[in-house]
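Structure assessment
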Amino acid sequence: MHYFTLLYSSILVSFSITFCPYYFFIKNAKNNQIYPYIKLSIKNLPTKEKNLKINIINKKEIKLKLKPNILNNNYQYLSDSKRFPKLLIKKPSQRKFENRTIKEEYNIEELPKIQLVDQNTNIQSNDNHVNETYLVKIKDTINKSFLYNPKIKAQKSLYQSSKENIKQVQSNYFPSIDFNASRGFSKVDSSSSQSTSNENRSPQDISINLTQNLYSGGKISAEIKKARNQYLIEKENLRLINQEVILESTKVYLEVLEQKKFIELNKLKEERFTKELESIELLFKVGKASQSELVFARSQLTNIISEKIESINKLDFVETKYKNIVGDLISNSRLEDPTLKKVKLPENYISAQTIALQNNPKYRKLLIEEKISRNEIQSQFAEALPKITLDAEYRMADDFISKGSSSDTAEITAELKIPLFRGGKNLSKIKQAKLIAKKVRYDLENKKNETILEVKNSWTNYKSSEVKLKSAKISYEAKKLILEGIEQEAKLGMRSYIDVLKSKENLINAEFETIKANNQFFISAIELKANIGELSLKNLDI
């Protein structure tokens, strides 16, 4: 009996040792899908693309959850076996998540720290980097317009071609040398009472001619002076076009800057008045604001929105104008406010007038044209004077007279040519040139008066815009103080909400006027520099 009891107890212990772990861990796991631990291997991670980026993170920050229970399915567990695959039936499944702590059988700090980064996030970040705004200065705008503007390129080509005119006229000082060669075949049959002859000849002729002008009555020197003065005129035309491009690019830059500031102020104005309208509506509901104040606030907000839309549309037009002048887009950019601190301007009107009569390109062009008219008189007068030329020739001929004959000829000839009578054409041309020179002198006097008037006008505009800018700044500060006082009076009930809204609108309008006055002051200074002839990239520091 004791032996049987011992045998039964040993069988019971062996059964509990072998079957209980299987029952609690394996079979129960099939029903509830509970795993004692999870192992994660990331050494050989398969990827479809090679450009997968990996960043380091701390593994302690990762929290893993157990696989949820899957209910309402025929199979309570999944298998990735290739021989006996088991699939779930496509039915709505209910998932029950359980937050449980996972047993750790390893040291977390010894694991590699990685993070898989989504490529789309990187692409979006790159796109955001591309769309970032960049700073544009007024000097950058002027430099780009110089590289792009076709008027400057056309005038540069004309300016360079005028140099060739000087070389062409100077070539009349040098001799002209010509080389001529000829060769042919001739058959001559001749007969007389005494003899008959038949000849086959190959005549050839080689000659070198040299012609030198010894005296032309001063025409060549006059034409050279004309060509040089014409070169100087094209140089002044290039300066004039450079000034026009600087003025155009400066004005369009300030227009874009002004419209961008207007849009920002209109947005700020809209936000403020929207909040004011909301507060007035609340006050109207409790009976502390009148119907007229509510209607006025709504009408003001409508006007502000319309002004904002108008400024946005005008900005589109100005940006198109900017592209036509500069050749570049300026949509996604921030514009820097230019300054005139380093720009040298005349101290008074007298000095400005003196500088203009020396450097103004329009006036200098007339001065040079007056010189050209005098050169033209000299050139036409030289047509009535005698001319002396020297001709030299060396000639070698074979088989010209008879077969086997040859001749070498050297000849030098001096020629004097005196115009005696040409029907009065030369005298008429001289008189015409004198009348044209007289007309140019009158034009020069007229251009001098115009230059003085332009300088006077630009000087007056410069001083007036300077005073307007100071007045606009003072007005802005004054209206800021007025707004503070009206707000205090409105809190005491001495002012209505309409007065507060009008005061805020006046303050923002004063800021508008300050921006306009600043741009007008800058443009007037640049126009003054242009009228006195000192507007160029070398002496422009803005």
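A word on the overall build of the protein
Helix and strand content of the protein: ten helices and twelve strands. Every one of the 542 residues in the protein was classed for burial, and the buried ones make up 30%. Of the roughly 37100 Å² that the protein leaves accessible, carbon and sulfur atoms contribute 55%.

Re the packing of aromatic side chains
Going through the model one piece at a time under the given rule, you end up with four aromatic pairs. Judged by centre distance (5.0 Å) and plane angle (70 degrees), the ring pair of Phe262 and Phe512 falls under edge-to-face. With Phe262 in helix H5 (residues 219–285) and Phe512 in helix H10 (residues 497–531), the pair connects residues that are 250 residues apart, well separated along the chain. Where Tyr462 meets Phe521, the ring centres are 5.5 Å apart and the plane angle is 25 degrees; that geometry is what we call stacked.

Some points on the nonpolar core
One recurring pattern in soluble globular proteins is that nonpolar side chains are buried together. Ranked by internal contacts, the top residues of the largest apolar core, which has 43 residues, are Val256, Tyr322 and Leu535. For this core, the secondary structure elements donating two or more residues are helix H3 (138–148), H5, helix H6 (291–326), helix H7 (349–359), helix H9 (425–491) and H10. Residue contributions to this core peak at ten residues, all from H5. With near-sequence residues (within four places) excluded, Leu535 lies in contact with Gln243, Ile246, Leu247, Ile526, Lys529, Ala530 and Leu540. Leu277, Ile280, Ala289 and Ile498 belong to the second-largest nonpolar core, a separate cluster that totals eleven residues.

With respect to the sheet that holds strand E6 (residues 176–183)
Sheet architecture is open: four strands sit in the order E6-E9-E11-E12, paired in antiparallel fashion. With partners counted over all chains shown, the strands left at the sheet margins are E6 and strand E12 (406–417), one partner each. Mean inter-strand twist for the sheet, computed between neighbouring axes without regard to direction, equals 10 degrees.

A word on the environment of Glu487
Relative to the elements of secondary structure, Glu487 occurs in helix H9. Remark: the alpha-carbon pair of Glu487 and Leu501, spanning 14 residues in sequence, is separated by 9.7 Å.

A closer look at the pattern of salt bridges
Taken as a whole and judged by the stated rule, the model has 20 salt bridges. Of the charged contacts, one joins Lys261 and Asp337 as a salt bridge, the two residues approaching to 2.9 Å between their closest N and O atoms. Note that Lys261 is positioned in helix H5 and Asp337 in the loop between strand E10 (333–335) and H7, a separation of 76 residues in sequence. Across the pair Glu281 and Arg298 runs a salt bridge whose closest N-O atoms are separated by 3.7 Å. Taken together, the positions of Glu281 in helix H5 and Arg298 in helix H6 put the pair 17 residues apart, joining distant regions of the chain. Its relative accessible area of 42% is what places Arg298 among the partly exposed residues.

Looking at the environment of Ile452
Looking at the secondary structure, you find Ile452 in helix H9. Along the sequence, Ile452 and Ala352 sit 100 residues apart, while their C-alpha atoms lie 9.3 Å from each other. Setting aside residues no more than four positions away along its own chain, Ile452 makes contact with Tyr349, Gln353 and Leu357.

So, the side chain of Asn229
Mapping Asn229 onto the fold places it in helix H5. For Asn229, a relative accessible area of 12% translates into the label buried. Not counting residues up to four positions away in its chain, the partners in contact with Asn229 are Ile368, Lys371, Ile372 and Asn375.

Brief notes about the pairing of E6
By the criterion of burial, E6 is predominantly exposed, with just zero of the eight residues buried. Two strands pair when backbone bridges link them, and E6 and strand E9 (residues 204–215) are joined in this way by eight bridges, in the antiparallel orientation. Note on E9: the bridge partner recorded for Ser176 is Thr211.

The rules we used
Residues numbered from 1 in each chain as written. Predicted model: local features only at pLDDT ≥ 70, side-chain atom pairs only at ≥ 80, totals over all residues. Heavy atoms only, no water. Helix = DSSP H or I, 4+ residues; strand = E, 2+ residues; numbered from the N terminus. Buried < 20%, exposed > 50% of the residue type's maximum accessible area, 1.4 Å probe, protein only. Areas by Shrake-Rupley, 256 points an atom, 1.4 Å probe, with all protein chains shown as cover. Phe/Tyr/Trp six-rings, centres within 6.5 Å; stacked < 30°, edge-to-face > 60°. Core = buried A, V, L, I, M, F, W, Y, C linked by side-chain atoms within 4.5 Å. Contact = heavy atoms within 4.5 Å. Pairing = 2+ DSSP bridges. Axes fitted to C-alpha atoms, helices over the stretch in contact; angles between N-to-C directions. Salt bridge = Lys/Arg side-chain N within 4 Å of Asp/Glu carboxyl O.

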